[in-house]
Amino acid sequence: MSSVPVTDTVVHGAFADGSDWAKVIPLLQREGLKVVAVQNPLSSLADDVAAARPEKVRVETLDSIVERLALPLVDVLKIDVEGAEASVIAGAHATLLAMQPILLMELNDLPLRAQGHSAMELLATLRETMGYEILNFSEKTGRLELCTEGARLSENIVAATRQRADELLRHR
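Quick caveat: nothing in here was measured; it's all calculated off a predicted structure. (Residues numbered from 1 in each chain as written. Predicted model: local features only at pLDDT ≥ 70, side-chain atom pairs only at ≥ 80, totals over all residues. Heavy atoms only, no water.)

## What to know about the pattern of salt bridges
The final tally for this structure, using the stated rule, is 7 salt bridges. Between Asp75 and Arg164 there is a salt bridge; the shortest N-O distance is 2.6 Å. Of this pair, Asp75 sits in the loop between helix H3 (62–69) and strand S3 (76–79) while Arg164 sits in helix H8 (residues 162–170), placing them 89 residues apart in sequence. Look at Asp75 and you get partly exposed, because its relative accessible area is 36%. Taking the relative accessible area as the measure of exposure, Arg164 reaches 16% and is therefore buried. A salt bridge links Arg162 to Asp166, with the shortest nitrogen-to-oxygen separation between them at 3.1 Å. You can see Arg162 and its partner Asp166 sitting in helix H8, 4 residues apart, about one turn around the helix. Judged by its relative accessible area of 38%, Arg162 is partly exposed. Within the structure, one salt-bridge network assembled from shared partners comprises Glu133, Arg162 and Asp166. (Salt bridge = Lys/Arg side-chain N within 4 Å of Asp/Glu carboxyl O. Helix = DSSP H or I, 4+ residues; strand = E, 2+ residues; numbered from the N terminus. Buried < 20%, exposed > 50% of the residue type's maximum accessible area, 1.4 Å probe, protein only.)

## Let's talk about the nonpolar core
Counting 24 residues, the largest nonpolar core has Ile89, Leu103 and Leu126 as the members making the most contacts within it. Every element with two or more residues in this core is listed here: H3, S3, helix H4 (85–90), helix H5 (93–99), strand S4 (102–106), helix H7 (119–129), strand S5 (132–137) and strand S7 (156–161). When residues in this core are grouped by element, the largest group, 4 residues, is from H7. Residues Leu135, Val158, Ala165 and Leu169 belong to the second largest nonpolar core, which totals 7 residues. (Core = buried A, V, L, I, M, F, W, Y, C linked by side-chain atoms within 4.5 Å.)

## Structural notes on the side chain of Ser138
As for its position among the elements, Ser138 is in the loop between S5 and strand S6 (144–146). On the basis of relative accessibility, which here comes to 11%, the residue Ser138 falls in the buried class. A polar contact is formed between the side chain of Ser138 and the backbone nitrogen of Thr141, at a distance of 3.2 Å. Sequence-distant contacts of Ser138, that is, excluding residues within four places in its chain, are made with Arg143 and Glu145. (Polar contact = N/O pair within 3.5 Å; in protein donor to acceptor, adjacent residues only side chain to side chain. Contact = heavy atoms within 4.5 Å.)

The following block contains the structure:
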């Protein structure tokens, strides 16, 4: 893989602004990284993306990374990609089937729909194609519970094979 110059963009969260990175940026720059902080307006996803001055970057699928690095195991995968979850799952198809990692995912229908997918479609892919069970965080306890078809979902879900889902539910 060729080396491509990259700018690392740090973005603040809610109740903060770009000045929160004032002490961190010089440390990263001393390590040779090109870093910028963004003043994120937090008014809408579109406004936030526009403020971040998007750049084109090289993208590599998880399946490709696993193959290139000859990874023996991917055990857990955190996916929070603002609506591109279906693309990540598609690019991890072989890894998900072979290694069956536990998935912790943000699942928000609006950004998924903006990219031509839906939460229900993604859940169906995980259940029917990949053999995953969907676990939800209980509104009452915050603990994991098996999500039945059509149930209201929390914004973050866990997907795991039946055996691993059973293990997670036993240890809650």
